[in-house]
Amino acid sequence: MANFRRFRPDDLNKLSKCNLDPLTETYELGFYLQYYAKWPSLFQVAEDQHGNIIGYIMGKVESSPDVYKFSEHYLPWHAHITAVTVAPEARRLGIGKLLTEQLEAAADANNAFFVDLFVRSTNYKAITFYKSMGYSIYRVVKDYYGDHSSDPTQHSEDAYDMRKPMKRDLKKEHIRENGEEFEVDPSDVW
């Protein structure tokens, strides 16, 4: 059984089991600490009975800067999943789902319109997982990733911007059904 709790700085040395997956983005230490300092309640870990980190989620709540308020790419107050990952030996136990549900509850508590995330367009397992939790593709971000996870001859990879409406979005204004048809450049997302 997993224990769920907030991330602590001394957990940084315990994330390796989760970050060895080629589809998991790994960040510089300062990036993790920035999330810990700014959004501690949205940075959660799952640990096994031995204290090993077997999953984590990093998120934040934000909106686009006001200067972009009239841009077609403006994002209102929302929660963003920066990373969610589970160690290979702990997958298919519901840990990723529980971590995501915790972040969604925090999004509702923060009165967010939606939760969004970016996922590689070739990460079919993750896309299926998110769709099973009510996320849909809002748009395709062309060449978002500077590398390709499965084809070394490719120099970049597209991302799907996936979203799930929260309680505040009563009219479902921040999702769409045909998101695969909407392509944007990385410079269009904040």
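Labelled according to an unreviewed UniProt entry, the protein chain appears under the name Acyl-CoA N-acyltransferase, originating from Apodospora peruviana.

Chemist: So what's going on with the pattern of salt bridges? Which residues, and what values?
Modeler: Opposite charge on two side chains lets them pair, provided their charged atoms get close. Taken as a whole, this structure holds 10 salt bridges when the rule is applied. Between Asp 158 and Lys 142 there is a salt bridge whose closest N-O contact spans 2.7 Å. Taken together, the positions of Asp 158 in strand β7 (residues 157–165) and Lys 142 in strand β6 (residues 136–145) put the pair 16 residues apart, joining distant regions of the chain. On the basis of relative accessible area, Asp 158 is assigned to the buried category, the value being 17%. Here Lys 142 falls in the partly exposed class, since its relative accessible area comes to 27%.

Chemist: Tell me about the nonpolar core, and please be specific about residues and values.
Modeler: Counting 44 residues, the largest nonpolar core has Tyr 56 and Met 162 as its most contacted members. With six residues, strand β3 (residues 53–62) is the single largest residue contributor to this core. Ignoring anything within four residues of it in the chain, the contact list for Met 162 reads Val 115, Asp 116, Leu 117, Val 119, Ile 127, Tyr 130, Lys 131, Tyr 135, Ser 136, Ile 137 and Tyr 138. In this structure, Phe 118, Tyr 145, Ala 159 and Val 189 belong to the second largest nonpolar core, which totals six residues.

Chemist: Help me get a handle on helix α4 (residues 124–132), residues and values and all.
Modeler: Where α4 is concerned, the buried positions are Ala 126, Ile 127 and Tyr 130. The arc enclosing the buried residues of α4, seen along the axis, measures out at 100 degrees, which places them on a common side. Of the exposed residues in α4, those oriented more than 90 degrees away from the buried face are Tyr 124, Lys 125, Thr 128 and Ser 132. The secondary structure elements touched by the buried residues of α4 are β4 (78–86), β5 (114–120) and β7. Trailing α4 by a residue or two, Gly 134 shows a phi angle of about 100 degrees, which is positive.

Chemist: Give me unusual backbone geometry: which residues, what numbers.
Modeler: Non-glycine residue Arg 92 carries a positive phi angle of around 65 degrees. Residue classification places Arg 92 among the exposed residues on the basis of a relative accessible area of 84%. One non-glycine residue, Lys 172, lies in positive phi territory at about 55 degrees.

About the cut-offs
Sequence order as written defines residue numbering, which begins from 1 separately in each chain. pLDDT decides what is reported in this predicted model: residues at 70 or higher carry local features, side-chain atom pairs at 80 or more are listed and counted, and totals for whole chains, interfaces and linings draw on all residues regardless. The side-chain quantities take in all heavy atoms of the structure and omit both hydrogens and water. Throughout this description, the term salt bridge denotes a Lys or Arg side-chain nitrogen within 4 Å of a carboxyl oxygen of Asp or Glu. Secondary structure follows DSSP: runs of H or I at least 4 residues long count as helices, runs of E at least 2 residues long count as strands, and numbering of each begins at the N terminus. Remark: exposure states derive from per-residue accessible area (1.4 Å probe, protein chains only) relative to the maximum for the residue type, with buried under 20%, exposed over 50%, and partly exposed in between. By nonpolar core we mean a set of buried residues, namely Ala, Val, Leu, Ile, Met, Phe, Trp, Tyr and Cys, connected to one another through side-chain atoms within 4.5 Å. Any two residues whose heavy atoms approach within 4.5 Å at even a single point are treated as in contact. For this quantity, the arc is that covered by the directions from the helix axis to the C-beta atoms.

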